[in-house]
Each structure stands twice: as structure tokens, then as C-alpha cells.
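# Breakdown of the fold
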Amino acid sequence: QVQLVQSGAEVKKPGASVKVSCKASGYTFTGYYLHWVRQAPGQGLEWMGWIKANSDATYYAQKFQGRVTMTRDTSISTAYMELSRLRSDDTAVYYCARSSSGTYYEYDYWGQGTLVTVSS
Amino acid sequence: DIQMTQSPSSLSASVGDRVTITCRASHTVSTYLNWYQQKSGKAPNLLIYAASSLQSGVPSRFSGSGSGTDFTLTISSLQPEDFATYYCHQTYNTPFTFGQGTRLEIK
């Protein structure tokens, strides 16, 4: 069965970086996009960008450009999202989600989420 | 960026009620509109894609309609497990954007 398993919770200080992983199983990793979506405590969903797993092409929301880097390692079917220069308002649950290409980019599978807490 | 506005922001309803949630886009998104359900502490779950296509495994009491800028999600007969927050999401143009969410509560 398809699974996306994310790395564990992180606590970081302002100005630091965090790298969250998303390990895929149960499907052909390179056949899909992986998107990253975050959710601040008590708030709605915010789209951050995507990586195309078969080419490492990326697209980042302008809000995060310059601070976010999405990568993947096809040998271990894992995608990564690194966010730098962390601020307190980056405290959120970060999700990875899978979508097909050439469709409506619907997210049919999601990771369980990774809580990133930014606090001095 | 395309802004997505959901209404209402919150809604109280009873088991068995018919409920409709509206999502309006600031510019056309054609039918690149997906709906998600999120329960507290869990990842979102896909309900409807391409505005009106029911995701596999989702109960048929959920339905979606619309195109262009105006969309609706309807639950024909609310069940206890449907009390959650619902989000629309446009994937027509990047950045893909979500509505602010509609919280569906038990009356």
C-alpha cells in the first residue's frame, strides 16, 4: 500500500534551518510529484511548492523562495524539504503529499505531518 | 495569486442534514478544484478532485460541482464522522492556493 512516512518532530532556534524527510513506499517514486504543505497551529493549509520526483524540477511559492529547498533521493524513494532562516512564524506542521502529473494535482496520499517548533 | 474564499467559515448542523459549502476563486480555475476533509490532528483527506469527481473510497453522500470561479461541496446526509474542517484547493495556477477552511460542527 502507498505510504508517505515523514521524519520526527523538530525544535529549532530562530535563524536555524530544518530538513524534513518524506519516505515513499508502495508505488513508483519517480512517477509522481511531491508537494509540501504546512499548517500553523490552529490555522489553515498553506502550499509551499513541489518537486517532480523523476527530474528534480521544483517550483516554490514566492513567499518561500530563497529560504526553501526541495530535493529528492530516488535511490531511497525519499523527498526532503529544507527551510532556512527560521522564524517563530514558521512553527507549523509540515506535510508532504503525492500528486500525479498530467492530472488535477490532487493529493491522494499524505504524510503524517512533522511538527517544527521554532523557539528561542 | 488566485485567492480562494470559502463560505461559511463555520457551520453547525445535525446528523442527517444536507450541507453545502461554497468556494469562490478570484480568477477562473476551470475545474482545477479539489476538496479535502481534515480531522483534528490528522492529515487532510481527498474527497473530490477536478471539481466533481469522487475520490475512490469516499462515500457517495459527498459531491462537488462548479467550474470557473464558483464551486460547491455538498454532503447529502451528514454522518457523525463528517464533523471536520473542509478545504478547497485550486491547482490551476501556481502558487496553488487553499481556501481558509470551513469548520463543520455538531449542532
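This text goes with the structure placed above it.
Presented here is a report on the structure given in the accompanying data block. (Residues numbered from 1 in each chain as written. Chains lettered and ligands numbered in written order. Predicted model: local features only at pLDDT ≥ 70, side-chain atom pairs only at ≥ 80, totals over all residues. Heavy atoms only, no water.)

## Brief notes about the state of the cysteines
Put plainly, a disulfide is one covalent bond tying together the sulfur atoms of two cysteines. Residue and element names in this part refer to chain A. The tally for this structure, following the rule as stated, stands at 2 disulfides over all chains. Across the disulfide from cysteine 22 sits cysteine 96; the S-S distance is 2.1 Å. Between cysteine 22 and cysteine 96, the disulfide has an S-S torsion of 75° and is therefore right-handed. Residue cysteine 22 is located in strand 3 (residues 18–25), and its partner cysteine 96 is located in strand 9 (residues 92–100); the two are separated by 74 residues in the primary sequence. Each of the two residues, cysteine 22 as well as cysteine 96, counts as buried. (Disulfide = S-S within 2.5 Å. Helix = DSSP H or I, 4+ residues; strand = E, 2+ residues; numbered from the N terminus. Buried < 20%, exposed > 50% of the residue type's maximum accessible area, 1.4 Å probe, protein only.)

## Some words on the nonpolar core
In this structure, Met48, Met81, Leu83 and Tyr107 of chain A are the most contacted members of the largest nonpolar core, which totals 42 residues. When neighbours within four sequence positions are excluded, methionine 48 of chain A is seen to be in contact with Trp36, Arg38, Tyr59, Tyr60, Ala61, Phe64, Val68, Met70, Met81, Leu83 and Tyr94 of chain A. Leu33, Trp35, Leu47 and Ile75 of chain B belong to the second largest nonpolar core, which has 24 residues in total. (Core = buried A, V, L, I, M, F, W, Y, C linked by side-chain atoms within 4.5 Å. Contact = heavy atoms within 4.5 Å.)

## A closer look at unusual backbone geometry
Following serine 7 of chain B, the chain continues to proline 8 of chain B via a peptide bond in cis, the omega torsion being -5°. As for its position among the elements, proline 8 of chain B is in the loop between strand 1 (4–7) and strand 2 (10–13). The omega torsion of the bond from threonine 94 of chain B to proline 95 of chain B falls at 0°, within 30 degrees of zero and hence cis. Its place among the elements puts proline 95 of chain B in the loop between strand 9 (85–90) and strand 10 (97–98). Its identity is not glycine, yet serine 77 of chain A carries a phi of approximately 50°, on the positive side. Although it is not a glycine, arginine 85 of chain A sits at a positive phi angle of roughly 45°. Structurally, the position occupied by arginine 85 of chain A is in the loop between strand 8 (78–83) and strand 9. By relative accessible area, which is 48% here, arginine 85 of chain A ends up partly exposed.

## Some details on the pairing of strand 8 of chain A
All names here are of chain A. Where burial is concerned, most of strand 8 is hidden: 5 out of the 6 residues are buried. Two elements, strand 3 and strand 8, share 6 bridges in a ladder whose sense is antiparallel. Bridging from a neighbouring strand, lysine 19 pairs with glutamate 82 of strand 8. In this sheet, strand 8 lies alongside strand 7 (residues 68–73) in antiparallel orientation, the contact comprising 6 bridges. Each bridged residue has a counterpart across the sheet, and for arginine 72 the counterpart in strand 8 is alanine 79. Between the end of strand 7 and the start of strand 8, which pair antiparallel, lie 4 residues, with serine 77 showing a positive phi angle near 50°. (Pairing = 2+ DSSP bridges.)

## Observations concerning the pattern of salt bridges
Taken as a whole and assessed by the stated rule, the structure comprises 11 salt bridges over all chains. As a salt-bridge pair, arginine 87 of chain A and aspartate 89 of chain A come within 3.3 Å of each other at their nearest N and O atoms. Accessibility expressed as a relative area gives 39% for arginine 87 of chain A, which makes it partly exposed. Across the salt bridge formed by arginine 103 of chain B and glutamate 105 of chain B, the nearest N and O atoms sit 3.1 Å from each other. Members of the salt-bridge network, linked through shared partners, are Arg38, Glu46, Lys63, Arg67 and Asp90 of chain A. (Salt bridge = Lys/Arg side-chain N within 4 Å of Asp/Glu carboxyl O.)

## Overview of the interface of chain A and chain B
If you look at the interface, chain A gives 20 residues, while chain B gives 19 residues. Taken together, both faces of the contact between chain A and chain B bury some 1,600 Å²; the carbon and sulfur share is 67%. When the buried area of chain A at its contact with chain B is split by residue, Leu45, Trp47 and Tyr104 of chain A rank highest and sum to 39% of it. Viewed at the interface, chain B and chain A are joined by 0 salt bridges. One can count 9 residue pairs in polar contact (both at pLDDT 80 or more) joining chain A with chain B. Those elements that place two or more of their residues in the side of chain A that touches chain B are strand 4 (32–39) and strand 5 (45–52) of chain A. Per-element accounting of the side of chain A that touches chain B gives the leading share, 4 residues, to strand 5 of chain A. For the side of chain A that touches chain B, the residue count by class is 11 nonpolar, 6 polar and 3 charged. (Buried area = accessible area lost by both parts, 1.4 Å probe. Polar contact = N/O pair within 3.5 Å; in protein donor to acceptor, adjacent residues only side chain to side chain. Nonpolar A, V, L, I, M, F, W, Y, C, P; charged D, E, K, R; others polar.)

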